[in-house]
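Here's the letter readout for the chains.
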Amino acid sequence: MIECAARCIGSGRFQAADAELVAHQMWAATHGLVILELGGYLVPPYPPQECFEAQLVSLMTGAGDAPGPAARSVRLSRRRFEEELIRPAEPSRQAV
């Protein structure tokens, strides 16, 4: 996560900052959201995935990114996550 923050800072998407501190802030905020979801505290009308993605965009814009590119990065990350981690696991579940 620190390397990712450093790349964003280096590319100019995030403002100049301590990459380790930016990574810690993002980790802490994300961890809090996950704990709320596991505890059943995220309730309608917003599903957990929507809360998570909105939080990521807010964290990225808070670090200096523009809203459009931040939202695009989150969408692409979700797509990559689904393609690489979710969909490959589905056939093995069906075969059981």
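Reading the values: the criteria
Residues numbered from 1 in each chain as written. Predicted model: local features only at pLDDT ≥ 70, side-chain atom pairs only at ≥ 80, totals over all residues. Heavy atoms only, no water. Salt bridge = Lys/Arg side-chain N within 4 Å of Asp/Glu carboxyl O. Helix = DSSP H or I, 4+ residues; strand = E, 2+ residues; numbered from the N terminus. Buried < 20%, exposed > 50% of the residue type's maximum accessible area, 1.4 Å probe, protein only. Core = buried A, V, L, I, M, F, W, Y, C linked by side-chain atoms within 4.5 Å. Contact = heavy atoms within 4.5 Å. 1 Å grid on protein atoms, 1.4 Å probe; cavity = no way out; pocket = protein on both sides within 12 Å on 5 of 7 lines; lining within 4 Å. Points joined across faces, edges and corners; volume = space filled by probe spheres on them. Nonpolar A, V, L, I, M, F, W, Y, C, P; charged D, E, K, R; others polar. Expected span 1.5 Å × (residues − 1). Arc of directions from axis to C-beta.

Undergrad: When you look at the pattern of salt bridges in this model, what are you seeing that I'm missing?
TA: Oppositely charged side chains may form a pair once their charged atoms are brought near each other. Enumeration according to the criterion identifies three salt bridges in this entry. A salt bridge links Asp-65 to Arg-13, with the nearest nitrogen and oxygen atoms 2.6 Å apart. Separated by 52 residues along the polypeptide, Asp-65 in the loop between helix H3 (48-62) and helix H4 (67-86) and Arg-13 in the loop between helix H1 (2-11) and helix H2 (19-38) bring together distant segments of the chain. For Asp-65, a relative accessible area of 7% gives the class buried. For the salt bridge of Glu-84 with Arg-80, the shortest nitrogen-to-oxygen distance reads 3.0 Å. Here Arg-80 and Glu-84 lie together in helix H4, a separation of four residues that amounts to about one turn. Judged by its relative accessible area of 48%, Glu-84 is partly exposed.

Undergrad: Please clarify how the nonpolar core should be interpreted in this entry.
TA: Across soluble globular proteins, you tend to see nonpolar side chains buried next to one another. Membership of the largest hydrophobic core comes to 13 residues, with the highest contact counts inside it found for Ala-5, Ile-9, Phe-14, Val-22, Met-26 and Met-60. Put simply, the parts of the chain that give this core at least two residues each are H1, H2, H3 and H4. When residues in this core are grouped by element, the largest group, four residues, is from H2. If near-sequence neighbours (up to four positions away) are discounted, Ile-9 is found in contact with Phe-14, Gln-15, Ala-16, Ala-17, Asp-18, Ala-19 and Val-22.

Undergrad: In this structure, what is going on with the layout of surface pockets? I would like to understand it.
TA: It is a probe the size of a water molecule, rolled over the atoms, that shows where empty space is left. Empty space within the largest pocket amounts to approximately 680 Å³. Considering the residues around the largest pocket, the lining is formed by 22 residues, among which Phe-52, Leu-56, Met-60, Val-74 and Ser-77 are closest to the centre. Breaking the lining of the largest pocket down by element, the ones donating at least two residues are H1, H2, H3 and H4. No other element matches H4, which puts six residues into the lining of the largest pocket. A breakdown of the residues in the lining of the largest pocket according to their chemical character gives 13 nonpolar, five polar and four charged.

Undergrad: Could you clarify how one ought to interpret H2 in this entry?
TA: Each α-helix turn comprises 3.6 residues. Residues three or four places apart therefore point the same way. Along its 20 residues, H2 runs 28 Å from first to last C-alpha, staying within 8% of the 28 Å computed at 1.5 Å per residue. Buried within H2 are the following residues: Ala-19, Val-22, Ala-23, Met-26, Thr-30 and Leu-33. Down the axis of H2, the buried side of the element spans an arc of 100 degrees, and every buried residue falls inside it. Where H2 is buried, its residues touch H1 and H3.

The quantities given are spatial measurements derived from coordinates; they are silent on function.
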